[in-house]
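Secondary and tertiary structure notes
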Amino acid sequence: PVFIYVLWYTAINFQGSILTFAENVYTQEDIVGYFWNEIMPSTDCYSWKIMGAFIAFEAFVMVFCPGKQYIGPVSPSGERPVYKANGMQSFFISMFVFAYMLYNGVDVGTIYDHWGNILATMNAFGLVFCLFLYFKGMYFPSSKDHGSSGNPVIDYYWGTELYPRVFGIDIKTLVNCRTSMMGWALSVMCFAYRHYTLNDGDITKCYAIIVSAALQVIYLAKFFWWETGYFASMDIQHDRAGFYIIWGCLVWVPAVYTYHTFCLVGKGVHVDMSLEEALVIFGLGLAMIFLNYWADYQREIVRATDGETTIWGRKAEIIRTKYVTDKGEEKSSLLLASGFWGITRHFHYIPEISAAFFWSVSNGFGAILPYFYVIFLTILLMDRAGRDDIRCSNKYKKYWDEYRQRVPYKVIPYIY
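Residues numbered from 1 in each chain as written. Predicted model: local features only at pLDDT ≥ 70, side-chain atom pairs only at ≥ 80, totals over all residues. Heavy atoms only, no water.

**Comments concerning the packing of aromatic side chains**
Following the criterion strictly, the structure yields 55 aromatic pairs and no others. A ring pair is formed by W294 and F340, whose centres lie 5.1 Å apart and whose planes are at 80°; its orientation type is edge-to-face. Within this pair, whereas W294 is found in helix α15 (residues 275-304), its partner F340 is found in the loop between β8 (330-336) and α16 (349-360), the two being separated by 46 residues in sequence. Through successive ring pairs, a cluster of aromatic residues spans F3, W184, Y219, W252, Y257, W359, F372, Y373 and F376. Over the ring of Y83 we find R165, and its NZ or CZ is 5.6 Å from the ring centre. (Phe/Tyr/Trp six-rings, centres within 6.5 Å; stacked < 30°, edge-to-face > 60°. Helix = DSSP H or I, 4+ residues; strand = E, 2+ residues; numbered from the N terminus. Lys NZ or Arg CZ within 6 Å of the ring centre and 35° of its normal.)

Now the structure itself:
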């Protein structure tokens, strides 16, 4: 919770240079006072209003916007959560409202101006909301997928409920998707707008931030197009609604996932990037986003057709599995062992990390912190691949052993 303030302060004052920040800290006589008085921002009324309005708006659209019913994968207790698949509609509505505000002269760059206060507000809200979810999962669960480890600290961190709902609203969809991911897309556009106004509308000083923001918005549009696929991910299927996921989506994502773009904002702060260089970086980033989507699409189409489809012009190679739920019920599933999923078990992580690099590289190589998201994402996905391997081994047993023999590497061929 404190590190996010260090990131923000370093971007504002030292253009993302952690070495310059460390040198500045070293010169302070009262380091604790320096952190408390200089680095840590406070919440303010504007931030509470703007975030309250944003979350309420996204909740309203999520509930009332039409969408097909989507039934999620079988949970450990044998239940199947039901969702309304209207992520893409929500994305377009949010983008339309943003464009309408710009057209009517609303200064959306104030989000950048108040970013430290917004982070402080979301930090305070996130910590309290996680406490609420802890007690809800303990005493008022929405489904059978809940429980306690017996340790309140662990329960607060990992969560006590898998699929919490409040007034019929799925909390994970609202927080993970509509607040976190939608907020990510809108935030980087607000940052780009502020950079544009600080540079007096000189577009030649904005190529770097335009490339960074555009790639992220396209990536996030892809996310909402594929949102039902996210409902089958580890975040939704296996990670309970605790500090790890909920605080992470409410605070860590806006603080870290937008940081590379935030570092680009400022009058005269721009990478010396030509239009040609910007187009090359944009093209490479776009290719990585498409590759990531293509890999996810192969798995989705195999599931949708029960394996009766082709991958790269050949019949999909699948392993039909059986597993037992926590209730003792036998279920079946499919493991795809061809296409991208025949190269490594999580090949789609490679283009995802590569895309993150291309929308961060606009910062140049003068500081390391603008690449913090790329570093964090790499560690996160490598860890997730390992955790998923253990989970699938316990779930599918001999079938997973067969899959590992056919596809021996987790992420990177011949390396990991």
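**Looking at the packing of helix α7 (residues 115-139) against helix α9 (residues 171-198)**
Here α7 crosses α9 at 175°, and the two axes come no closer than 15 Å. The angle between the axes of α7 and α9 places the two elements in the roughly antiparallel class. Facing α7, whose interface residues are W115, F129 and L133, α9 presents I171, V175, S187 and F191. For the contact of α7 with α9, a count of residues per class yields 6 nonpolar, 1 polar and no charged. (Axes fitted to C-alpha atoms, helices over the stretch in contact; angles between N-to-C directions. Parallel < 35°, antiparallel > 145°, perpendicular 65-115°, else oblique. Contact = heavy atoms within 4.5 Å. Nonpolar A, V, L, I, M, F, W, Y, C, P; charged D, E, K, R; others polar.)

**Here we look at empty space enclosed by the protein**
Taken as a whole and assessed by the stated rule, the structure comprises 1 cavity of 30 Å³ or more. Empty space within the largest cavity amounts to approximately 40 Å³. Looking at the largest cavity, the residues that line it are I4, L7, W8, W115, L119, A255, T258, Y259 and F262. Those elements giving two or more residues to the lining of the largest cavity turn out to be α1 (3-14), α7 and α14 (259-262). Examining the composition of the lining of the largest cavity, we find that 3 residues originate from one element, α1, more than from any other. Along the lines of polarity and charge, the residues of the lining of the largest cavity split into 8 nonpolar, 1 polar and no charged. (1 Å grid on protein atoms, 1.4 Å probe; cavity = no way out; pocket = protein on both sides within 12 Å on 5 of 7 lines; lining within 4 Å. Points joined across faces, edges and corners; volume = space filled by probe spheres on them.)

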